[in-house]
Amino acid sequence: MDDIFASSLNLEETHLKEGYAEGYKDGLVAGKEEAKQVGLKVGFQVGEELGFYRGCVDAWNSAILIDPERFSVRVRKSIKQMEELVEKYPLQDPENEQVQELMEGLRLKFRAICATLGVKLEYNVRREMSKLVLACCKVYISESRNKAALDSIERAAKFFHEAPIINKFTDEVYNRVGYTLVSKLPSEPSVQSCSLRSAVVTMVKAAFSAIDFDSHCGSHPRLGVVDHICFHPLALASLDDAAIIARSLAADIGFGLQVPTFLYGAAHEEGRKLALIRRELGYFKPNSDGFQWAGGLKSETLPLKPDRGPAEASKAKGVVVIGATKWVDNYNVPIFSTNTAAVCKIAKQVSERGGGLPSVQAMALGHKEGVIEVACNLLEPSEVGGKMVQQEVERLAESEGLAVGEGYFTDLSQEGITERYLKLVSSV
(Lines give C-alpha, C1' and ligand atoms only; values in the text may rest on other atoms or scores of the structure.)
Protein backbone atom coordinates (compact mmCIF):
# COMPACT_ATOMS: atom_id res chain seq x y z
CA MET A 1 0.00 0.00 0.00
CA ASP A 2 2.86 2.37 0.90
CA ASP A 3 4.48 1.71 -2.48
CA ILE A 4 1.21 2.49 -4.27
CA PHE A 5 0.82 5.82 -2.45
CA ALA A 6 4.52 6.61 -2.95
CA SER A 7 4.32 5.98 -6.68
CA SER A 8 1.19 8.13 -6.87
CA LEU A 9 2.94 10.95 -5.08
CA ASN A 10 6.01 10.59 -7.32
CA LEU A 11 3.78 10.66 -10.39
CA GLU A 12 2.07 13.85 -9.16
CA GLU A 13 5.44 15.46 -8.44
CA THR A 14 6.68 14.47 -11.88
CA HIS A 15 3.62 16.02 -13.49
CA LEU A 16 4.14 19.20 -11.49
CA LYS A 17 7.77 19.44 -12.58
CA GLU A 18 6.88 18.78 -16.21
CA GLY A 19 4.05 21.33 -16.03
CA TYR A 20 6.34 23.92 -14.45
CA ALA A 21 9.04 23.29 -17.08
CA GLU A 22 6.56 23.61 -19.94
CA GLY A 23 4.98 26.69 -18.37
CA TYR A 24 8.38 28.27 -17.81
CA LYS A 25 9.33 27.55 -21.43
CA ASP A 26 6.06 28.97 -22.74
CA GLY A 27 6.40 31.96 -20.40
CA LEU A 28 9.84 32.74 -21.80
CA VAL A 29 8.50 32.68 -25.33
CA ALA A 30 5.42 34.75 -24.45
CA GLY A 31 7.48 37.11 -22.30
CA LYS A 32 9.98 37.70 -25.08
CA GLU A 33 7.19 38.35 -27.54
CA GLU A 34 5.43 40.70 -25.13
CA ALA A 35 8.70 42.47 -24.36
CA LYS A 36 9.34 42.76 -28.07
CA GLN A 37 5.92 44.33 -28.60
CA VAL A 38 6.37 46.69 -25.66
CA GLY A 39 9.84 47.58 -26.93
CA LEU A 40 8.49 48.22 -30.41
CA LYS A 41 5.68 50.35 -29.01
CA VAL A 42 7.96 52.40 -26.74
CA GLY A 43 10.60 52.66 -29.44
CA PHE A 44 7.99 53.82 -31.93
CA GLN A 45 6.68 56.45 -29.51
CA VAL A 46 10.20 57.74 -28.80
CA GLY A 47 11.06 57.76 -32.48
CA GLU A 48 7.79 59.47 -33.37
CA GLU A 49 8.35 62.19 -30.75
CA LEU A 50 11.97 62.73 -31.81
CA GLY A 51 10.85 62.87 -35.43
CA PHE A 52 8.26 65.49 -34.54
CA TYR A 53 10.91 67.66 -32.87
CA ARG A 54 13.30 67.10 -35.78
CA GLY A 55 10.61 68.26 -38.19
CA CYS A 56 9.95 71.40 -36.16
CA VAL A 57 13.67 72.22 -36.05
CA ASP A 58 13.99 71.68 -39.82
CA ALA A 59 10.97 73.90 -40.51
CA TRP A 60 12.32 76.68 -38.29
CA ASN A 61 15.78 76.42 -39.84
CA SER A 62 14.27 76.65 -43.31
CA ALA A 63 12.48 79.84 -42.29
CA ILE A 64 15.77 81.23 -40.96
CA LEU A 65 17.54 80.43 -44.25
CA ILE A 66 14.89 82.36 -46.17
CA ASP A 67 14.86 85.28 -43.71
CA PRO A 68 17.78 85.25 -41.21
CA GLU A 69 16.15 88.04 -39.15
CA ARG A 70 12.75 86.33 -38.94
CA PHE A 71 13.43 85.18 -35.37
CA SER A 72 15.30 86.95 -32.59
CA VAL A 73 18.87 85.98 -31.74
CA ARG A 74 17.66 84.20 -28.61
CA VAL A 75 15.06 82.17 -30.49
CA ARG A 76 17.64 81.18 -33.12
CA LYS A 77 20.01 80.12 -30.34
CA SER A 78 17.28 78.02 -28.71
CA ILE A 79 16.45 76.33 -32.03
CA LYS A 80 20.14 75.46 -32.41
CA GLN A 81 20.24 74.05 -28.86
CA MET A 82 17.12 71.98 -29.58
CA GLU A 83 18.73 70.62 -32.75
CA GLU A 84 21.81 69.58 -30.77
CA LEU A 85 19.61 67.76 -28.23
CA VAL A 86 17.87 65.83 -31.02
CA GLU A 87 21.20 64.81 -32.54
CA LYS A 88 22.61 63.87 -29.14
CA TYR A 89 19.76 61.47 -28.29
CA PRO A 90 21.22 57.89 -28.11
CA LEU A 91 18.81 56.03 -30.40
CA GLN A 92 21.05 52.93 -30.48
CA ASP A 93 21.48 52.86 -26.71
CA PRO A 94 18.03 52.92 -25.06
CA GLU A 95 19.49 51.94 -21.68
CA ASN A 96 21.65 55.06 -21.62
CA GLU A 97 21.08 56.86 -18.31
CA GLN A 98 20.76 60.22 -20.10
CA VAL A 99 17.75 59.38 -22.27
CA GLN A 100 15.13 60.65 -19.81
CA GLU A 101 17.09 63.82 -19.08
CA LEU A 102 17.63 64.52 -22.78
CA MET A 103 13.97 63.95 -23.63
CA GLU A 104 12.79 66.23 -20.81
CA GLY A 105 15.26 68.85 -22.00
CA LEU A 106 13.87 68.58 -25.53
CA ARG A 107 10.28 68.92 -24.32
CA LEU A 108 11.08 71.97 -22.23
CA LYS A 109 13.03 73.63 -25.04
CA PHE A 110 10.24 72.92 -27.53
CA ARG A 111 7.53 74.32 -25.26
CA ALA A 112 9.61 77.41 -24.49
CA ILE A 113 10.23 78.16 -28.21
CA CYS A 114 6.55 77.66 -29.07
CA ALA A 115 5.50 79.87 -26.15
CA THR A 116 7.87 82.62 -27.26
CA LEU A 117 6.65 82.43 -30.86
CA GLY A 118 3.01 82.14 -29.76
CA VAL A 119 2.36 79.13 -32.02
CA LYS A 120 0.00 76.20 -31.40
CA LEU A 121 2.39 73.34 -32.12
CA GLU A 122 1.94 70.23 -30.02
CA TYR A 123 2.99 66.61 -29.73
CA ASN A 124 -0.23 64.79 -28.85
CA VAL A 125 1.29 62.34 -26.42
CA ARG A 126 2.48 65.24 -24.32
CA ARG A 127 0.39 67.99 -22.72
CA GLU A 128 -1.16 70.20 -25.37
CA MET A 129 0.46 73.54 -26.02
CA SER A 130 -3.03 74.87 -26.70
CA LYS A 131 -3.61 74.73 -22.94
CA LEU A 132 -0.49 76.72 -22.11
CA VAL A 133 -1.87 80.15 -21.23
CA LEU A 134 0.60 82.03 -19.03
CA ALA A 135 0.99 85.53 -17.67
CA CYS A 136 4.09 87.18 -16.28
CA CYS A 137 4.22 89.99 -13.74
CA LYS A 138 7.22 92.18 -13.03
CA VAL A 139 7.16 93.94 -9.67
CA TYR A 140 9.67 96.74 -9.03
CA ILE A 141 10.16 97.75 -5.39
CA SER A 142 12.18 100.70 -4.11
CA GLU A 143 14.53 98.79 -1.81
CA SER A 144 17.50 96.42 -2.11
CA ARG A 145 19.68 97.21 0.92
CA ASN A 146 17.21 96.14 3.63
CA LYS A 147 17.47 92.34 3.63
CA ALA A 148 14.77 91.91 6.29
CA ALA A 149 12.29 93.84 4.14
CA LEU A 150 13.07 91.74 1.06
CA ASP A 151 12.79 88.53 3.09
CA SER A 152 9.31 89.50 4.30
CA ILE A 153 8.20 90.28 0.73
CA GLU A 154 9.52 86.96 -0.57
CA ARG A 155 7.98 85.00 2.31
CA ALA A 156 4.62 86.52 1.42
CA ALA A 157 4.95 85.31 -2.18
CA LYS A 158 5.76 81.73 -1.14
CA PHE A 159 2.18 81.16 0.00
CA PHE A 160 1.17 81.07 -3.67
CA HIS A 161 2.89 78.03 -5.18
CA GLU A 162 1.06 78.41 -8.48
CA ALA A 163 2.65 81.84 -9.06
CA PRO A 164 6.33 81.37 -8.20
CA ILE A 165 9.05 84.03 -8.31
CA ILE A 166 11.01 83.05 -11.42
CA ASN A 167 13.71 85.72 -11.23
CA LYS A 168 15.01 88.40 -8.87
CA PHE A 169 17.29 91.29 -9.81
CA THR A 170 18.75 93.62 -7.18
CA ASP A 171 20.97 96.67 -7.50
CA GLU A 172 22.24 98.22 -4.28
CA VAL A 173 23.36 101.47 -5.92
CA TYR A 174 19.93 101.97 -7.47
CA ASN A 175 18.41 100.64 -4.21
CA ARG A 176 15.83 98.77 -6.23
CA VAL A 177 14.70 95.17 -6.67
CA GLY A 178 12.75 93.57 -9.48
CA TYR A 179 10.75 90.35 -9.06
CA THR A 180 9.37 88.32 -11.96
CA LEU A 181 6.44 85.99 -11.29
CA VAL A 182 4.63 83.63 -13.68
CA SER A 183 1.46 81.58 -13.42
CA LYS A 184 -1.02 79.74 -15.59
CA LEU A 185 -4.29 81.48 -16.34
CA PRO A 186 -7.68 79.76 -16.25
CA SER A 187 -9.26 78.97 -19.61
CA GLU A 188 -11.98 81.50 -18.81
CA PRO A 189 -10.68 84.86 -17.49
CA SER A 190 -11.42 85.08 -13.77
CA VAL A 191 -9.72 87.52 -11.43
CA GLN A 192 -11.20 85.72 -8.43
CA SER A 193 -9.16 82.58 -9.15
CA CYS A 194 -6.01 84.31 -10.38
CA SER A 195 -3.07 83.16 -8.24
CA LEU A 196 -0.76 85.67 -9.93
CA ARG A 197 -2.86 88.63 -8.80
CA SER A 198 -3.19 87.19 -5.28
CA ALA A 199 0.58 86.68 -4.98
CA VAL A 200 1.34 90.23 -6.11
CA VAL A 201 -1.24 91.80 -3.77
CA THR A 202 0.34 89.97 -0.85
CA MET A 203 3.83 91.12 -1.87
CA VAL A 204 2.62 94.72 -2.16
CA LYS A 205 1.10 94.61 1.33
CA ALA A 206 4.35 93.22 2.74
CA ALA A 207 6.37 95.95 0.98
CA PHE A 208 4.17 98.74 2.38
CA SER A 209 4.57 97.28 5.87
CA ALA A 210 8.34 96.90 5.69
CA ILE A 211 9.51 99.99 3.73
CA ASP A 212 9.21 103.72 4.39
CA PHE A 213 9.36 105.58 1.07
CA ASP A 214 10.15 108.88 2.77
CA SER A 215 13.48 107.49 4.03
CA HIS A 216 14.44 105.85 0.73
CA CYS A 217 17.41 107.05 -1.34
CA GLY A 218 18.98 105.73 -4.53
CA SER A 219 20.27 106.63 -7.97
CA HIS A 220 17.23 105.20 -9.77
CA PRO A 221 14.04 107.29 -10.17
CA ARG A 222 10.92 106.03 -8.40
CA LEU A 223 7.42 107.16 -7.46
CA GLY A 224 6.64 104.94 -4.50
CA VAL A 225 7.53 101.94 -2.36
CA VAL A 226 6.07 99.72 -5.08
CA ASP A 227 7.18 101.86 -7.99
CA HIS A 228 6.02 99.88 -11.00
CA ILE A 229 4.08 96.69 -11.78
CA CYS A 230 3.68 95.37 -15.31
CA PHE A 231 1.86 92.32 -16.68
CA HIS A 232 2.92 90.57 -19.89
CA PRO A 233 1.09 87.76 -21.72
CA LEU A 234 3.15 84.61 -22.33
CA ALA A 235 2.56 81.58 -24.54
CA LEU A 236 -1.03 81.74 -25.83
CA ALA A 237 -2.32 84.35 -23.40
CA SER A 238 -3.61 87.59 -24.89
CA LEU A 239 -2.82 91.17 -23.96
CA ASP A 240 -6.46 91.48 -22.86
CA ASP A 241 -5.86 88.65 -20.36
CA ALA A 242 -2.96 90.60 -18.86
CA ALA A 243 -4.97 93.84 -18.82
CA ILE A 244 -7.84 92.26 -16.87
CA ILE A 245 -5.46 91.19 -14.10
CA ALA A 246 -3.75 94.60 -14.08
CA ARG A 247 -7.02 96.48 -13.66
CA SER A 248 -8.18 94.15 -10.90
CA LEU A 249 -4.87 94.56 -9.05
CA ALA A 250 -5.13 98.35 -9.41
CA ALA A 251 -8.51 98.25 -7.67
CA ASP A 252 -7.04 96.12 -4.86
CA ILE A 253 -4.23 98.59 -4.27
CA GLY A 254 -6.05 101.83 -5.02
CA PHE A 255 -9.30 101.22 -3.20
CA GLY A 256 -8.34 98.36 -0.89
CA LEU A 257 -4.99 99.68 0.34
CA GLN A 258 -5.82 103.35 -0.28
CA VAL A 259 -2.71 104.06 -2.36
CA PRO A 260 -3.08 106.20 -5.54
CA THR A 261 -2.73 103.92 -8.56
CA PHE A 262 -2.21 104.82 -12.21
CA LEU A 263 -2.85 102.57 -15.22
CA TYR A 264 -1.06 102.48 -18.57
CA GLY A 265 -0.81 100.40 -21.73
CA ALA A 266 -3.62 97.94 -22.41
CA ALA A 267 -4.79 98.31 -18.79
CA HIS A 268 -5.76 101.94 -19.47
CA GLU A 269 -8.90 102.60 -21.52
CA GLU A 270 -7.02 104.96 -23.85
CA GLY A 271 -3.73 103.05 -23.89
CA ARG A 272 -1.84 105.80 -22.07
CA LYS A 273 1.98 105.53 -22.16
CA LEU A 274 4.02 104.84 -19.03
CA ALA A 275 6.43 107.69 -19.83
CA LEU A 276 3.57 110.19 -19.88
CA ILE A 277 2.55 109.34 -16.29
CA ARG A 278 6.14 109.47 -15.12
CA ARG A 279 6.78 112.79 -16.79
CA GLU A 280 3.68 114.34 -15.22
CA LEU A 281 4.72 113.13 -11.76
CA GLY A 282 8.33 114.33 -12.03
CA TYR A 283 9.84 110.86 -12.23
CA PHE A 284 12.76 111.82 -14.48
CA LYS A 285 14.09 114.72 -12.37
CA PRO A 286 16.53 113.92 -9.53
CA ASN A 287 15.52 115.68 -6.32
CA SER A 288 18.81 115.31 -4.41
CA ASP A 289 22.48 116.10 -4.91
CA GLY A 290 24.71 113.67 -6.77
CA PHE A 291 22.14 112.57 -9.35
CA GLN A 292 20.04 110.93 -6.61
CA TRP A 293 16.38 110.51 -5.76
CA ALA A 294 15.60 110.79 -2.03
CA GLY A 295 12.54 110.90 0.20
CA GLY A 296 8.87 110.87 -0.67
CA LEU A 297 6.99 112.86 -3.28
CA LYS A 298 7.32 116.65 -2.98
CA SER A 299 3.61 117.12 -2.47
CA GLU A 300 0.89 114.78 -1.24
CA THR A 301 -1.49 116.44 -3.73
CA LEU A 302 -0.87 114.84 -7.11
CA PRO A 303 -0.73 116.81 -10.39
CA LEU A 304 -2.43 113.90 -12.17
CA LYS A 305 -5.67 112.22 -11.13
CA PRO A 306 -5.15 108.53 -10.22
CA ASP A 307 -7.18 105.89 -12.07
CA ARG A 308 -7.87 104.08 -8.81
CA GLY A 309 -7.69 105.16 -5.19
CA PRO A 310 -7.33 108.49 -3.35
CA ALA A 311 -6.21 111.76 -4.96
CA GLU A 312 -3.49 112.28 -2.37
CA ALA A 313 -0.35 110.22 -1.75
CA SER A 314 1.30 109.59 1.61
CA LYS A 315 5.02 110.26 1.87
CA ALA A 316 5.50 106.80 3.39
CA LYS A 317 4.03 104.90 0.42
CA GLY A 318 3.97 107.17 -2.63
CA VAL A 319 2.02 105.94 -5.66
CA VAL A 320 1.88 102.79 -7.77
CA VAL A 321 1.89 102.55 -11.58
CA ILE A 322 0.43 99.38 -13.11
CA GLY A 323 0.32 98.39 -16.76
CA ALA A 324 -0.14 95.60 -19.29
CA THR A 325 2.03 95.48 -22.41
CA LYS A 326 3.72 93.14 -24.79
CA TRP A 327 7.11 91.87 -23.64
CA VAL A 328 9.72 94.53 -22.79
CA ASP A 329 13.44 93.93 -22.27
CA ASN A 330 15.54 96.18 -20.01
CA TYR A 331 19.15 96.64 -21.09
CA ASN A 332 21.73 98.83 -19.37
CA VAL A 333 25.05 99.96 -20.86
CA PRO A 334 27.78 101.29 -18.50
CA ILE A 335 29.85 104.27 -19.65
CA PHE A 336 33.05 104.99 -17.73
CA SER A 337 32.63 108.68 -17.13
CA THR A 338 31.52 111.28 -14.60
CA ASN A 339 30.38 113.64 -17.34
CA THR A 340 26.63 113.51 -16.75
CA ALA A 341 25.80 115.92 -19.57
CA ALA A 342 27.69 113.86 -22.15
CA VAL A 343 26.03 110.58 -21.12
CA CYS A 344 22.59 112.24 -21.02
CA LYS A 345 23.23 113.39 -24.58
CA ILE A 346 24.09 109.82 -25.64
CA ALA A 347 20.98 108.44 -23.93
CA LYS A 348 18.79 110.94 -25.76
CA GLN A 349 20.43 110.16 -29.12
CA VAL A 350 19.92 106.42 -28.59
CA SER A 351 16.20 106.77 -27.80
CA GLU A 352 13.42 106.94 -30.35
CA ARG A 353 12.23 110.19 -28.76
CA GLY A 354 15.61 111.73 -29.55
CA GLY A 355 15.65 110.50 -33.14
CA GLY A 356 17.59 107.32 -32.40
CA LEU A 357 16.66 103.65 -32.44
CA PRO A 358 12.96 102.90 -32.91
CA SER A 359 11.06 101.44 -29.92
CA VAL A 360 13.90 102.30 -27.53
CA GLN A 361 13.48 104.47 -24.44
CA ALA A 362 16.68 105.55 -22.67
CA MET A 363 17.92 107.70 -19.82
CA ALA A 364 21.25 108.25 -18.06
CA LEU A 365 21.55 107.00 -14.46
CA GLY A 366 24.49 107.38 -12.14
CA HIS A 367 25.74 104.01 -11.03
CA LYS A 368 28.97 102.93 -9.39
CA GLU A 369 31.79 105.40 -8.82
CA GLY A 370 33.01 106.68 -12.16
CA VAL A 371 30.20 104.95 -14.06
CA ILE A 372 26.99 106.34 -15.57
CA GLU A 373 24.65 103.88 -17.25
CA VAL A 374 22.45 104.32 -20.29
CA ALA A 375 19.36 102.47 -19.05
CA CYS A 376 17.07 101.33 -21.85
CA ASN A 377 13.58 99.92 -22.25
CA LEU A 378 13.40 97.84 -25.42
CA LEU A 379 9.73 97.92 -26.38
CA GLU A 380 10.16 95.69 -29.44
CA PRO A 381 13.11 93.46 -28.46
CA SER A 382 12.64 91.13 -31.43
CA GLU A 383 13.17 94.13 -33.74
CA VAL A 384 15.73 96.16 -31.77
CA GLY A 385 17.62 94.12 -29.20
CA GLY A 386 20.46 94.59 -26.77
CA LYS A 387 23.14 94.06 -29.41
CA MET A 388 21.91 96.96 -31.55
CA VAL A 389 21.68 99.22 -28.50
CA GLN A 390 25.20 98.25 -27.43
CA GLN A 391 26.61 99.07 -30.85
CA GLU A 392 24.81 102.40 -31.03
CA VAL A 393 25.96 103.47 -27.54
CA GLU A 394 29.54 102.50 -28.42
CA ARG A 395 29.37 104.52 -31.65
CA LEU A 396 28.00 107.61 -29.91
CA ALA A 397 30.38 107.31 -26.96
CA GLU A 398 33.37 107.06 -29.28
CA SER A 399 32.51 110.46 -30.73
CA GLU A 400 32.55 111.85 -27.17
CA GLY A 401 35.84 110.12 -26.35
CA LEU A 402 34.23 107.91 -23.70
CA ALA A 403 34.85 104.23 -22.92
CA VAL A 404 31.94 101.81 -22.81
CA GLY A 405 31.51 98.56 -20.86
CA GLU A 406 29.50 95.48 -21.78
CA GLY A 407 25.79 95.97 -21.30
CA TYR A 408 23.51 93.62 -19.39
CA PHE A 409 19.86 92.63 -19.16
CA THR A 410 18.11 93.11 -15.82
CA ASP A 411 15.89 90.06 -16.34
CA LEU A 412 15.76 86.83 -18.28
CA SER A 413 14.43 86.89 -21.82
CA GLN A 414 10.79 86.08 -22.54
CA GLU A 415 11.85 82.62 -23.63
CA GLY A 416 14.11 82.18 -20.61
CA ILE A 417 11.32 83.15 -18.22
CA THR A 418 8.91 80.69 -19.86
CA GLU A 419 11.47 77.89 -19.91
CA ARG A 420 12.42 78.38 -16.26
CA TYR A 421 8.76 78.35 -15.24
CA LEU A 422 8.02 75.18 -17.21
CA LYS A 423 11.07 73.46 -15.74
CA LEU A 424 10.05 74.51 -12.24
CA VAL A 425 6.46 73.26 -12.49
CA SER A 426 7.51 70.00 -14.19
CA SER A 427 9.78 69.20 -11.23
CA VAL A 428 6.98 69.65 -8.67
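Quick note: structure is the one above.
Because the structure is a prediction, the values reported are computed rather than measured.

A. Quick look at the side chain of Glu-143. The residue Glu-143 is located in the loop between β1 (133–141) and α4 (147–157) in this model. Buried and without a salt bridge, Glu-143 has Arg-145 as its closest oppositely charged side chain, separated by 5.8 Å. A polar contact of 3.0 Å, which involves the side chain of Glu-143, links it to the backbone nitrogen of Asn-146. Not counting the four nearest positions on each side in its chain, Glu-143 is found in contact with Leu-150, Asn-175, Arg-176, Val-177, Ile-211 and His-216.

B. Up close: the pairing of strand β8 (residues 320–324). Among the 5 residues in β8, 5 count as buried, and that is most of the element. Residues Val-320, Ile-322 and Ala-324 line one face of β8 and the alternating positions Val-321 and Gly-323 line the opposite face, and both faces are buried. Where strand β5 (residues 226–235) and β8 come together, 4 bridges link them in parallel fashion. What sits directly across from His-228, in β8, is Val-321.

C. Spotlight on the packing of helix α2 (residues 73–88) against helix α3 (residues 99–117). As a packed pair, α2 and α3 sit with axes 10 Å apart at the nearest point and diverge in direction by 155°. Between α2 and α3, the angle is such that the two are roughly antiparallel. In this structure, the crossing between α2 and α3 has a hand that is left-handed. Each of Val-75, Ser-78, Ile-79, Gln-81, Met-82, Leu-85, Val-86 and Lys-88 in α2 lies in contact with α3, whose residues at this interface are Leu-102, Gly-105, Leu-106, Lys-109, Phe-110, Ile-113, Thr-116 and Leu-117. Here the residues of the contact of α2 with α3 are counted per class, giving 10 nonpolar, 4 polar and 2 charged.

D. Quick peek at the pattern of salt bridges. Per the counting criterion, the structure on display carries 17 salt bridges. The salt bridge partner of Asp-227 is Arg-176, with a shortest N-O separation of 3.1 Å. Placement of Asp-227 in strand β5 and of Arg-176 in strand β3 (residues 176–184) is noted, with a sequence separation of 51 residues between them. Relative accessible area serves as the criterion here: at 1%, Asp-227 is assigned to the buried category. Residues Glu-380 and Lys-326 are paired through a salt bridge, measuring 3.0 Å at the closest nitrogen-oxygen approach.

E. Region of interest: the environment of Asn-330. Relative to the elements of secondary structure, Asn-330 occurs in strand β9 (residues 329–336). Considered as a pair, Asn-330 and Leu-412 are 82 residues apart in the sequence and their alpha carbons are 9.5 Å apart. Apart from residues lying up to four places away in sequence, Asn-330 is in contact with Lys-138, Tyr-140, Cys-376, Asn-377, Tyr-408, Phe-409 and Thr-410. Polar side-chain contacts of Asn-330 include one of 2.7 Å to the side chain of Asn-377.

F. Structural detail: the nonpolar core. The biggest cluster of nonpolar side chains holds 59 residues, and the ones touching the most others in it are Ile-153, Val-226, Ile-229, Phe-231, Ile-253 and Ile-322. Here the element with the most residues in this core is helix α5 (residues 195–210); it accounts for 9 residues. Non-local contacts of Ile-153, meaning those with residues more than four positions away in its chain, are made with Ile-141, Tyr-179, Met-203, Ala-206, Ala-207 and Ile-211.

G. Region of interest: the packing of aromatic side chains. One pass over the full model with this rule turns up 8 aromatic pairs. Summarising the aromatic geometry, the rings of Phe-52 and Tyr-53 are spaced 5.7 Å apart at their centres and angled 65° between planes, so their arrangement reads as edge-to-face. Residue classification places Phe-52 among the partly exposed residues on the basis of a relative accessible area of 23%. The cationic tip of Lys-317 hangs over the ring face of Phe-208; the distance from NZ or CZ to the ring centre is 5.4 Å.

H. Main features of the packing of α4 against α5. It is the contact of α4 with α5, at a shortest axis distance of 8 Å, that shows an interaxial angle of 160°. Taken as axis vectors, α4 and α5 run roughly antiparallel relative to one another. Handedness of the crossing formed by α4 with α5: right-handed. Where α4 approaches α5, its residues Ala-149, Ser-152, Ile-153, Ala-156 and Ala-157 are matched on the opposing element by Thr-202, Met-203, Ala-206, Ala-207 and Ala-210. Its residues assigned to classes, the contact of α4 with α5 shows 8 nonpolar, 2 polar and no charged.

Cut-offs applied
Residues numbered from 1 in each chain as written. Predicted model: local features only at pLDDT ≥ 70, side-chain atom pairs only at ≥ 80, totals over all residues. Heavy atoms only, no water. Helix = DSSP H or I, 4+ residues; strand = E, 2+ residues; numbered from the N terminus. Buried < 20%, exposed > 50% of the residue type's maximum accessible area, 1.4 Å probe, protein only. Lys, Arg positive; Asp, Glu negative; His and termini not counted. Salt bridge = Lys/Arg side-chain N within 4 Å of Asp/Glu carboxyl O. Polar contact = N/O pair within 3.5 Å; in protein donor to acceptor, adjacent residues only side chain to side chain. Contact = heavy atoms within 4.5 Å. Pairing = 2+ DSSP bridges. Axes fitted to C-alpha atoms, helices over the stretch in contact; angles between N-to-C directions. Parallel < 35°, antiparallel > 145°, perpendicular 65-115°, else oblique. Left-handed = near helix turned anticlockwise from the far one by under 90°. Nonpolar A, V, L, I, M, F, W, Y, C, P; charged D, E, K, R; others polar. Core = buried A, V, L, I, M, F, W, Y, C linked by side-chain atoms within 4.5 Å. Phe/Tyr/Trp six-rings, centres within 6.5 Å; stacked < 30°, edge-to-face > 60°. Lys NZ or Arg CZ within 6 Å of the ring centre and 35° of its normal.

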